[in-house]
Amino acid sequence: MSALTAEQAPPERGSLAVLAHGLRLTPEFREGLGVTLLLALVATGGRVVVPIAVQQTIDGGLSGPEPDLGLVRTAVGLAALAVLVTAVSAYVMNVRLYRSTENGLSALRVRAFRRVHDLSALHQAAERRGSLVSRVTSDVDTVSTFMQWGGMLVVASAAQLLLATVVMLIWSWQLTLLVYLCFLPLFLAVRVFQARLQAAYRLVRERIGELLGAVAESVVGAPVIRAYGTQARTAGRIDGAVGRAREAQTRAQTIAALTFSTGEMVAAFATGAVIVAGVLLGVDGGITVGRLVGFLFLVTLFVQPVQVATEVLNEAQNAVAGMRRVLAILDTPTDVADPVDGRPLPPGPVDVRFEHVSFAYPGGPEVLHDVDLTLAARTRVAVVGETGSGKTTFAKLLTRLMDPTRGRVLLSGVPLEEVPFSSLRTRVVMVPQDGFLFDSTVVDNVRYGRPSATDEEISRAFAELGLADWVASLPDGVRTPVGERGEQLSVGERQLVAVARAYVADPDLLVLDEATSAVDPATEVRLQRALDSLTRGRTTLAIAHRLSTAEAADEVLVVHDGVVVQRGPHRQLVAEPGPYQRLHASWVSQSR
Amino acid sequence: MTVPVPPLRGVIRRGFGVLGVAVREEPRIFAVSALGSALFALTTIGQAYVFGAITDRVIEPALRTGNADRAALAIAFCAVMLVAVLKVVGIVARRLGAGIMQYRLQATYRRRVTRRYLELPFSWHQRHPTGELLSNANSDVEATWSPIAPFPFAVGVVFMLVVTLGLLFWTDPVLALVGSVVFPGIAALTVVYSRRMSPLMTRAQQLRGEVSGVAHESFDGALVVKTLGREAAETARFRDRAEQLRDTMTAVGRVRGLFDPLMEALPVLGVLLVLLAGTSRVGSGDIDAGQLVRVAYLFTLLAIPVRAIGWVLNELPRSVVGWDRVQSVLTATGSQEHGAERLPAGAGVGVGVQDVAFSYGSTEVLREVAFDVPAGRTIAVVGPTGSGKSSLATLLVRLVDPTSGSVRYDDVDLRRLAPGAVCEVASLVPQSAFLFDDTIRGNITLGAELADELVWNALRVAQAERFVQALPDGLDTRIGERGTTLSGGQRQRLALARALVRRPRLLVLDDATSAVDPQVEQRILAGLRESGPASTVVVVAYRRATIALADEVVFLDQGRVTARGSHEDLLAASPGYRDLVTAYERAEAERVALAPQADEAVPA
């Protein structure tokens, strides 16, 4: 639906461009990269030590009638030194690599996390949250796996192939050519294998995703499953998902095993061919025994790079895809941005002005049409209307969770897009219907509204809101844990905490979006009265389908199909024929 | 959720215990895999012998005499290929076998864990966070069987080591001694490595969980974060975990950075030692050049496989932790007791709540709750926020059992009913509607064989008919994961239809229409009334219209029934009840009384 869906964002950058862009955005990766790569090359050098030592031993040490121990000692000593240098460089290289990549990845994670919060509410839509989480977790992890393992393996493998080739060429160009001819088809086939493996792994990931969905359903839906006795059906669905995941895994494993084996067979063929060709060459004096045997060792150096190539290519593709998704977040413009040189809201009560405001969701029809109105400071305004009439959109524009597609919103005469967030978010607070709580205590959740609030102040706030009895009924009072998403509390109780949270924030404009929809009437009226009496200096806008809120308001806005169709005090509106009268009649018939 | 790292000695012993379980679960496929691995081991050694023999008998004579024996060359070529084919057979059997074994075990345990989830009572679910249950079924099962991938390989390697050392001693005791220094060295290094690595890996795993947990929670509460301007504070909270993870992973890098090169260098040093010692052995005539090459080659070939033992040992701590967590689910008790009785068919059941107390953890939610609902009657449960109404609703359909007292249908204690008997009788519509990732039809029928006509009827009563008709595929429209594509009111109406289509003999509505517009709710209530007086209905509600449907009201305050009777009786007798249900009228009355002042206070 937006630039966040990397797969759909045209034009797509090439893999190298993605990596280059990623490196540019993450300077931590580049720190000392040159030295690290150099060390990687040195570290690979150690791999050709054995074949050379074997060759020297056989040709120099064992070729004469008497073994030349001195020569072998020198060769072995030099080789041991080379091994030592290799090991030390590898160690230093590893440590540097881990340090720079982990630094870069953690910075990237944090930056992407922050960006997600800076995106407008539109981009944070509920159904996409899981995928947003994976941006800062698994997507970054795939990049890390590649950088710490695959990337270096590519460097090491390339260096290994290169070094082996150089040594082979020195010993015999003919045999080198032969080895290359044997491996050439395999090099070419790697792409094919890799493509199949990639597809197989993708299927595995999809099936695992389905499996997790099925398991999650059985856990989250536990009460419904029990209340309706659908355990057998749920078990069947999970079993199906488990079975499908296993099939996909087995398939991927089969392809991987066959790919690996192909490398082994080609190596054997190359070895056999080197023996035959080498002997034929050697008979004519073209190669020594030691070099020929050394060659056999060198051929084994060809196998591993080819065998890991398929997996490394997979990792590389995953890393590029992961990086692409992370970058898509970082590249998404913050459409509702904090102004650079903003004008803070002037102190004192806030009045609201909507200037010919219209709004449409991207790609959707207009949901709010040309709203033009002023709300006086210190008034209590109720917004009523049927579900889907545009009430919540109105509240979101007022609090700048979104910007209008046309027109503008002004608070105390300052256009909203010029108000810095530091001023806006302390002066204007909205309580959404879903009173989301963090997995902590009641008091910590309330303190979220004003970090400096003490426990005593928070207890006093509850008392002022008429909720002291409720707090007292909690097992640990304000220090009662609320559980994940606040789910240890009932829906209504969560709303009480959310209102208290906004209350201690003490904003000058308070927006309540169905904030007490699950609270009992007596508590709701008490809350409302507390908010009113203590907020005569404050402007309040409340969206509610319980019309008691409208009855208590100074002014009522009736929204219908994105248009404000009626406005005025309750007593006036209820007296004139129109949508409000109908809404109110139905409310009265229900609540009296 | 801190995972304690058990002491290593115990871990390796217990880890082998888990591996033993794996072998017992999948003996055949393990045998195939281990035999494949043994074949691989033998052919690896065989390869060294073949190379040695080819060096001695083909290459060396040919290059010395300047005469290539074509038949010998052909045999050499065929020998190399034959060994390779056998080796590949071994590799395929080992890798496929190990994979199949691992995936089968994963599948088996995922089924067992999720089956247990379904068997365990709702009260058990309430005590365990969703995230924990998800990781039990997914990552813990995965962790448990993670050593299975390299396990057959390691078994083959042990076999290979024994054979190799035997051969070495047989070939030349001096070279064998060199070998017996290097291989145990590698093994010892591996153990040290595991010991250093496993706490770091456990820590990293835990931190990954925390990083993901913070992101999940923070993005879930994105609206709250944004409306209160707490982005910077949230980022600091996330950064703290991300940097701890970074530091742990950097520590992992230091350990791995040291051990990887050492593990690579050791076999190479072994080969060099063999060459050094071997040359003098060749000089003294104890062995020939071919034998030396063979031994040297063997060392090169063994370098990687020997590490397979390390791979298994490395995974053991993770495996043991995973196993413990999986076992904690599989051995969890607290399943609800069931009897064998079923209720005879009929219309509404009579519900009896007898002296019920209910605690959630250490908190007493309900006590001394007692009331009867005669068959076919409607009762409203009214009470302030947090008074225990939802808990009572879950007790009525036996999602949970009371701590003391009993709930009865037609005077039969629910605990004496057969499994599934309660569901046949009662339907609960909870406060927050839960929908499955399925079609509309699937969400209503839940797999029961119900004609579309019945489904449409239920949708009509629930006032969901119109919006379902407007959906692109009607009843066959798939609604996304947990119904995120629908509004709260629409979800509630579908949940209501799901209950109505079953024609329950007891219908429990737990504030099930809170997200529905008043007018729509009114139509739903009218529909309910018309759909027949047959069912017994318990409705948790605040709205007067809903309460008006009830024959009797039970007023719940702080977990106790403080008043019972008709709406009028309670209005007269219970101040708490009166306070609650007349709140709006009184508020309005006060406003009217204060109206003139209010008008003055507010500039027009």
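How each quantity is defined
- Within each chain, residue numbers correspond to sequence positions counted from 1 in written order.
- Chains carry letters and ligands carry numbers; both start at the beginning, A for chains and 1 for ligands, and go up in the order they are written.
- Reporting of local features is limited, given that this is a predicted model, to residues whose pLDDT is at least 70; pairs of side-chain atoms are given and counted only at 80 or more, and all residues count toward the totals for whole chains, interfaces and linings.
- Water and hydrogen atoms were dropped before computing side-chain values, which therefore reflect all heavy atoms in the structure.
- Think of it this way: a Phe, Tyr or Trp ring, Trp meaning its six-membered ring, pairs with another when their centres are within 6.5 Å, and the plane angle makes it stacked under 30 degrees, edge-to-face over 60, tilted otherwise.
- Burial here depends on accessible area, computed with a 1.4 Å probe over protein chains only, as a share of the maximum for the residue type. Under 20% is buried, over 50% is exposed, and the range in between is partly exposed.
- Secondary structure elements are taken from DSSP: a helix is a run of H or I of four residues or more, a strand is a run of E of two residues or more, and numbering for both begins at the N terminus.
- To sit over a ring, a charge needs its Lys NZ or Arg CZ within 6 Å of the ring centre and within 35 degrees of the ring normal.
- Strand pairing is assigned whenever DSSP detects at least two bridges linking the two strands.
- Comment: axis = line fitted to C-alpha atoms, over the contacting stretch for helices; angle = value between 0 and 180 degrees taken between N-to-C directions.
- Each angle receives one of four descriptions, namely roughly parallel if under 35 degrees, roughly antiparallel if over 145, roughly perpendicular if within 65 to 115, and oblique otherwise.
- Crossing handedness is defined as follows: a turn of the near helix away from the far one that is anticlockwise and smaller than a right angle gives a left-handed crossing, while the clockwise case is right-handed.
- Whether two residues touch is decided by their heavy atoms; if any such pair falls within 4.5 Å, the residues are in contact.
- Under the convention adopted here, Pro, Cys and the residues Ala, Val, Leu, Ile, Met, Phe, Trp and Tyr are nonpolar, Asp, Glu, Lys and Arg are charged, and Gly plus all remaining residues are polar.
- Salt-bridge detection follows one rule: a side-chain nitrogen of Lys or Arg within 4 Å of a carboxyl oxygen of Asp or Glu.
- As a working definition, buried area equals the accessible area (1.4 Å probe) given up by two parts on being put together, with both sides summed.
- Polar contact criterion, stated in full: a pair of N or O atoms within 3.5 Å, where within protein one must be able to donate a hydrogen and the other to accept it, and residues adjacent in sequence count only if both atoms are side-chain atoms.

Caption draft 1: Geometry of the packing of aromatic side chains. Evaluation of the coordinates by the stated rule reveals 19 aromatic pairs over all chains. Geometrically, the ring pair formed by Phe462(A) and Trp470(A) is tilted, given 6.0 Å between the ring centres and 50 degrees between the ring planes. On the basis of relative accessible area, Phe462(A) is assigned to the buried category, the value being 1%. Considering the side-chain rings of Trp145(B) and Trp323(B), the 5.9 Å spacing of their centres and the 70 degrees angle between planes classify their relative orientation as edge-to-face. Within this pair, whereas Trp145(B) is found in the loop between α5 (130-144) and α6 (151-171), its partner Trp323(B) is found in helix α10 (residues 289-330), the two being separated by 178 residues in sequence. Across the pair, exposure class does not vary: Trp145(B) and Trp323(B) are buried alike. Against the face of Tyr109(B) rests Arg112(B), its NZ or CZ located 4.7 Å from the ring centre. Taking NZ or CZ as reference, Arg498(B) lies 5.9 Å from the ring centre of Tyr228(A), over its face.

Caption draft 2: Up close: the sheet that holds strand β1 (residues 351-360) of chain B. All names here are of chain B. The antiparallel open sheet is built from four strands, whose spatial order is β2-β1-β4-β5. Unpaired on one side and paired on the other, β2 (363-373) and β5 (412-413) mark the two borders of the sheet. Note: β1 against β2, seven bridges, orientation antiparallel. Bridging across to β2, Val 356 finds its partner in Val 369.

Caption draft 3: Summary view of the packing of helix α5 (residues 69-118) of chain A against helix α7 (residues 173-220) of chain B. Between α5(A) and α7(B), the shortest axis-to-axis distance is 11 Å and the interhelical angle comes to 10 degrees. In terms of orientation, α5(A) and α7(B) fall into the roughly parallel class. Along this stretch, α5(A) crosses α7(B), giving a crossing that reads as right-handed. The residues of α7(B) that touch α5(A), namely those facing Arg109(A), Phe113(A), Val116(A) and His117(A), are Val211(B), Ala215(B), Ser218(B) and Phe219(B). A class-by-class count of the residues in the contact of α5(A) with α7(B) yields five nonpolar, two polar and one charged.

Caption draft 4: Spatial organisation of the packing of helix α2 (residues 27-65) of chain B against α6(B). Residues and elements named next belong to chain B. One way to put it is that α2 packs onto α6 with a least axis distance of 8 Å and a crossing angle of 35 degrees. Here α2 runs over α6; the crossing is right-handed. Residues Phe 30, Ser 33, Ala 34, Ser 37, Ala 38, Phe 40, Ala 41, Leu 42, Thr 44, Ile 45 and Tyr 49 of α2 touch α6, and the partners they reach there are Phe 151, Pro 152, Phe 153, Val 155, Gly 156, Val 157, Phe 159, Met 160, Val 163, Thr 164, Leu 167 and Thr 171.

Caption draft 5: Structural context of the pattern of salt bridges. All names here are of chain B. Taken as a whole and assessed by the stated rule, the structure comprises 58 salt bridges over all chains. Linking Arg 246 and Glu 243 is a salt bridge whose minimum nitrogen-to-oxygen distance equals 4.0 Å. Taken together, the residues Arg 246 and Glu 243, both in helix α9 (residues 231-283) and three residues apart, mark about one turn of the helix. For Glu 243, a relative accessible area of 29% corresponds to the partly exposed category. Salt-bridge contacts for Glu 368 lead to Arg 560; the nearest nitrogen and oxygen are separated by 2.8 Å. Linking Glu 368 in strand β2 with Arg 560 in strand β10 (residues 560-565), this pair joins segments that are 192 residues apart in sequence. The class for Glu 368 is partly exposed, based on a relative accessible area of 48%. A residue is classified by how much of its surface remains accessible, and Arg 560, at 31% relative accessible area, is partly exposed.

Caption draft 6: Layout of helix α12 (residues 391-398) of chain A. All names here are of chain A. Summarising burial for α12: seven of the eight residues are buried, a large majority. Of the positions making up α12, those classed as buried are Lys 391, Thr 393, Phe 394, Ala 395, Lys 396, Leu 397 and Leu 398. Where α12 ends, the next residue or the one after it, Arg 400, has phi of about 55 degrees, a positive value.

Caption draft 7: The arrangement of the sheet that holds strand β7 (residues 506-510) of chain B in detail. Residues and elements named next belong to chain B. Taking strand neighbours across the sheet as the criterion, the six strands line up as β6-β7-β8-β3-β9-β10 in an open arrangement whose pairing is mixed. Looking at which strands have only one partner, the edges of the open sheet turn out to be β6 (426-429) and β10. Each adjacent strand pair in this sheet contributes to an overall mean axis angle of 15 degrees, direction not counted. In this structure, β7 lies alongside strand β8 (residues 536-540), joined through five bridges in parallel fashion. Across the sheet, Leu 506 pairs through a bridge with Thr 536, a residue of β8. Packing against the sheet, helix α11 (residues 389-396) makes contact with β3 (378-382), β6, β7, β8 and β9 (552-557), and its axis sits at approximately 155 degrees to β7.

Caption draft 8: Representation of the interface of chain B and chain A within the structure. Counting residues at the interface gives 159 residues for chain B, matched by 160 residues for chain A. Here chain B and chain A share an interface that buries about 14,400 Å² over both sides, 69% of which is from carbon and sulfur atoms. For chain B, the biggest contributors to the area lost against chain A are Leu118(B), Phe219(B) and Tyr584(B); these three give 6% of the whole. Applying the counting rule to chain B against chain A returns seven salt bridges. Residue Asp239(A) is joined to Arg111(B) by a salt bridge in which the shortest nitrogen-to-oxygen separation is 3.5 Å.

Caption draft 9: Region of the structure containing the environment of Asn103(A). Tracing the backbone shows Asn103(A) in helix α5. Overall, Asn103(A) belongs to the partly exposed group, its relative accessible area being 25%. The spacing of Asn103(A) and Glu31(A) is 72 residues in sequence and 9.8 Å in space, taken between C-alpha atoms. Here Asn103(A) is in contact with Glu28(A) and Arg246(B), once residues within four sequence places are set aside. A distance of 3.4 Å separates the side chain of Asn103(A) from the side chain of Arg246(B), its partner in a polar contact.

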